[in-house]
Amino acid sequence: MTTLTLSKALNAGLRKALENDPKVLIMGEDVGKLGGVFRVTDGLWKDFGEARVIDTPLAESGIVGTAIGLALRGYRPVCEIQFDGFVYPAANQIISQLAKMRYRSRGHVSLPVVIRIPCGGGIGAVEHHSESPEAIFAHTAGLRVVACGDAADAFAMIQQSISSDDPVIFFEPKRRYWDKGEVDTANGMAAALPLDRAKVALEGTDVTLLTYGPLVRTCLESALAARGDGRSIEVVDLRSLSPLDMDTIGASVRKTGRCVVAHEAPVYAGLGAEIAARITEQCFYQLEAPVLRVGGFATPYPPSRLEEYYLPDLDRILDGVDRTFGY
Amino acid sequence: MTVESGAATTAALTLNQPVPDTPDQAGEFIQLLTPEGERIDHPDYPMNLSAADIRSMYRDLVLVRTIDTVAISLQRQGELGIWASLLGQEAAQIGSARALGPQDMVFPTYREHGVAWCRGIDPVKLLELYRGVSHGGWAPEEHKFHLYTIVIGSQTLHATGYAMGIQRDGAVGGESAEAVIAYFGDGATSQGDVNEAFIWASVFNAPIVFFCQNNQWAISEPLEKQSRIPLYQRARGFGFPGLRVDGNDVLACHAVTQKAMQAAKEGQGPTLIEAFTYRMGAHTTTDDPTRYRLASELEVWKHKDPIERVRAYLVRTGQAEPEFFAGVDAEAKQVGARVREAVRTMADPPPLAIFDHVYAEPTSILRAEREQYAAYLDSFEQEAAR
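Residues numbered from 1 in each chain as written. Chains lettered and ligands numbered in written order. Predicted model: local features only at pLDDT ≥ 70, side-chain atom pairs only at ≥ 80, totals over all residues.

Participant: For the overall build of chain B, give the residues involved together with the corresponding values.
Facilitator: A tally of helices and strands in chain B yields 13 helices and seven strands. Oriented by its inertia axes, the alpha-carbon framework of chain B measures out at about 80 × 50 × 50 Å. Relative to all contacts within chain B whose residues are 6 or more apart in sequence, the contacts with residues 24 or more apart total 76%. (Helix = DSSP H or I, 4+ residues; strand = E, 2+ residues; numbered from the N terminus. Contact = placed C-beta atoms within 7 Å.)

So, in structure tokens, the structure goes:
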């Protein structure tokens, strides 16, 4: 085990992938010499060269569009979109091209492209740098959508995503880049949890807290705080947002009978709505209360001086938990 | 609209000067065969085709026009949902496609039926798409012909990425060199993706030819809605050569494409070819061009037909006998009949095919939906059996 920040764990995972498969490429804005604005690709350009770690022109549609072409040629490109709010210029290439190519070709074409997106708020940034667009991609058939919440998952999941023969939208919680965790970098990936599985991050008996990405840590802190009130919260880190691991989710909710979904993205038509609907269908007779949601408001992301009010924090999450006991 | 008039100028513009050219005035225009079927020598493009080659191109031109005509009538009869006709653009497509090697990769729009023909795609496969039986469904790598792309210009980036892959495979230069050709139209040149593809191809010096069929119309919008300068001149701003060719001249389209592909294979980077042609038919079978263009314009272009000039040339020079033309016509009839029959008897896919090939392996969510829907469909069968 090694202690790594989430950012360094991603870096180590990318390095492993580049070492293990000569077809793996890194591409994006500033990913080369600079090592990315968050330094996730630090040192890779130096060690693997500019043919494999490609500083691209500044155009997101071009990044994803040419990655598709490289994948058609047999490569496994890993694209970096610099910030969540910059992914929209690439929307056509992701949603209409990348996601649908296998289907359109009746299985003749496989596009193993990973699109890394630093996501979420909490870093005091200007607008378009703090968004959570995961529901858009989860709504798009043909994409796998995942979010890592800690360093160990970052290391394993980035490698699994690169190995996947499906396109993967890979969300990285940017305010957690500097969070440290224990990472097993020595062993292979055989023992790692499959990419499409959720994990119980903390066991509990009274209520299930479903979350992913940046709020995993917040939810764990909430659960620890709730212990003081004698309340046992089970925290499930979804990890995979499409497909959802309904087996793990259902097992937890059937056990606790109560559920709160927490994400930074707006609650309205967000992933929590899909999760709540599925839990209602599958766990109806075990539920003691409706599934509640805690998340962003039906507003654009606010100026950063207001983001602490917008982002779900420990208190808002525990408020949601309290409300499920009001039924 | 004349293609011969107007002198191209590449002089730098200043703020006080009007734009000196309009996009539909030709400027330079590479032509090797006039509409009357007379050969013109061009110092940069010496003739390297045999009489057999030209006869074979003539055959291709006639056969793809036949397939197009059959497809239009199939649509009128309700056998196809829609059809995008290539009428008038046969020379641009056959000329360019016949200049490709088997190793070269093609990225088409949805109108490249002539190119598809040259890549060995069964026309029936194309009609599957327009009938609504599939979204394409041929194996792109097998034919080195990517799926049709409907979102305008998107494929130019795929083509450029593929060309970057060729570079990384060391397949530029030498005997086994490969290159890519990306097809698109005049309307597509306004798309961000096409401009991004130009930038990428330029800065990475990718082995690619951008083949723009300027057919003068993007549905109802004439070229001047897309550009104030001739399209081929745009290449200059991106840092690679651009040229304009008579898009109704199969020999010229062949020659310029061959040369540009060769340059790409030798590591000289991209070229933009503007094939100056005309969409003789509607945009698709849903379109009515009489609402936006004059019949007189069509008449002018009828005299520039891409097939008639080849026939005139072959006859005048004695390179083809009447039996040859009769043979091609007979073959066209056969191909037309086969396509017509194949479409009419084409089965719809089974309903559960909806769920196939979304992912490499179906996800848990998809499996559950498929099972649920299969059970639902079964319930009708059980009811009927009762």
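Participant: How would you sum up the sheet that holds strand β1 (residues 105-107) of chain B? Please name residues and give values.
Facilitator: All names here are of chain B. The strand order across the open sheet built from five strands is β1-β2-β3-β7-β6, with neighbouring strands paired in parallel fashion. The open sheet is flanked by β1 and β6 (242-246), the only strands paired with a single partner. In this sheet, neighbouring strand axes are inclined to one another by 20 degrees on average, regardless of whether the strands run parallel or antiparallel. Here strand β2 (residues 180-185) pairs with strand β3 (residues 208-214) via six bridges, running parallel. The partner of I181 across the bridge, within β3, is V209. Across the face of the sheet, helix α6 (residues 154-168) comes into contact with β1, β2 and β3 while running at roughly 170 degrees to β2. (Pairing = 2+ DSSP bridges. Axes fitted to C-alpha atoms, helices over the stretch in contact; angles between N-to-C directions.)

Participant: How would you summarise the packing of helix α8 (residues 215-227) of chain A against helix α12 (residues 314-324) of chain A if you had to cite specific residues and measurements?
Facilitator: Residues and elements named next belong to chain A. Two elements in contact, α8 and α12, have axes separated by 9 Å at closest approach and are oriented at 65 degrees. Judged by the sense of rotation from one axis to the other, the crossing of α8 with α12 is right-handed. Of the residues in α12, those touching α8 at T218, C219, E221, S222, A225 and A226 are L314, I317, L318 and V321. The residue inventory of the contact of α8 with α12, partitioned by class, reads seven nonpolar, two polar and one charged. (Left-handed = near helix turned anticlockwise from the far one by under 90°. Nonpolar A, V, L, I, M, F, W, Y, C, P; charged D, E, K, R; others polar.)

Participant: Tell me about the domain arrangement of chain B, residues and numbers included.
Facilitator: The domain architecture assigned to chain B consists of domain 1 (51-344) and domain 2 (351-385). Each of domain 1 of chain B and domain 2 of chain B has a C-alpha centre, and these two points are 39 Å apart. (Domains from an automatic or database assignment.)

Participant: Now, about the interface of chain B and chain A: what can you tell me, with residues and values included?
Facilitator: Contacts between chain B and chain A engage 32 residues on the former and 36 residues on the latter. Taken together, the elements giving at least two residues each to the side of chain B that touches chain A come down to α6, α7 (192-203) and α13 (364-385) of chain B. A per-element tally of the side of chain B that touches chain A places α6(B) first, with eleven residues. A per-class count over the side of chain B that touches chain A returns 16 nonpolar, 13 polar and three charged.

Participant: So, the environment of B:C212: which residues are in play, and what are the values?
Facilitator: Residues and elements named next belong to chain B. With respect to the helices and strands, the residue C212 is situated in strand β3. Residues C212 and T277 lie 65 residues apart in sequence; the distance between their C-alpha atoms is 9.9 Å. Leaving out residues up to four positions away in the same chain, C212 has contacts with F184, G185, D186, T189, L231, L272, I273, E274 and A275.

Participant: So what's going on with unusual backbone geometry? Which residues, and what values?
Facilitator: What is expected of a backbone is that most residues other than glycine have negative phi and most peptide bonds are trans. The omega torsion across A:S242 and A:P243 is 0 degrees, close enough to zero to call that bond cis. Of note in this structure, A:R106 is not a glycine but carries a positive phi near 50 degrees. Following the sequence through the fold, A:R106 ends up in the loop between α5 (101-104) and β5 (114-119). Given 18 C-beta atoms within a 10 Å radius, A:R106 is considered partly exposed. The phi dihedral of B:H357 is positive, around 65 degrees, even though this residue is not glycine. (Buried ≥ 20, exposed ≤ 12 C-beta atoms within 10 Å, placed from the backbone.)

Participant: Hey, could you go over the packing of helix α1 (residues 6-20) of chain A against helix α7 (residues 151-163) of chain A for me, with residue numbers and the actual values?
Facilitator: Residues and elements named next belong to chain A. α7 packs onto α1 with a crossing angle of 30 degrees between their chain directions and a minimal axis gap of 8 Å. Between α1 and α7, the angle is such that the two are roughly parallel. The chirality of how α1 crosses α7 is right-handed. Residues L6, A9, L10, A12, G13, L14, K16 and A17 of α1 form the contact with α7, whose own contacting residues are A151, A154, F155, I158, Q159 and I162. Of the residues assigned to the contact of α1 with α7, the class counts are eleven nonpolar, two polar and one charged. (Parallel < 35°, antiparallel > 145°, perpendicular 65-115°, else oblique.)

Participant: Requested: an account of the domain arrangement of chain A, with residues and values cited.
Facilitator: Residue and element names in this part refer to chain A. For chain A, the domain assignment lists domain 1 (2-183) and domain 2 (199-324). Just the C-alpha atoms count here: the centres of domain 1 and domain 2 sit 26 Å apart. Every contact between the two is made by 27 residues of domain 1 and, on the other side, 21 residues of domain 2. Every element with two or more residues in the side of domain 1 that touches domain 2 is listed here: α6 (134-138), β6 (144-147), α7 and β7 (168-173). In terms of residue count, β6 provides more of the side of domain 1 that touches domain 2 than any other element does, four residues in total. The class makeup of the residues in the side of domain 1 that touches domain 2 is eleven nonpolar, seven polar and nine charged.

Participant: Hey, could you go over the pairing of β5(A) for me, with residue numbers and the actual values?
Facilitator: Residues and elements named next belong to chain A. By the criterion of burial, β5 is predominantly enclosed, with six of the six residues buried. Residues V114, R116 and P118 point to one face of β5 and I115, I117 and C119 to the other, with burial holding for every one of them. In this structure, strand β4 (residues 76-80) lies alongside β5, joined through three bridges in parallel fashion. Considered in β5, the bridge of E80 is made with R116. Where β5 lies against β7, six bridges are found, and the strand directions are parallel. Pairing of I115 across the sheet is with I169, part of β7.

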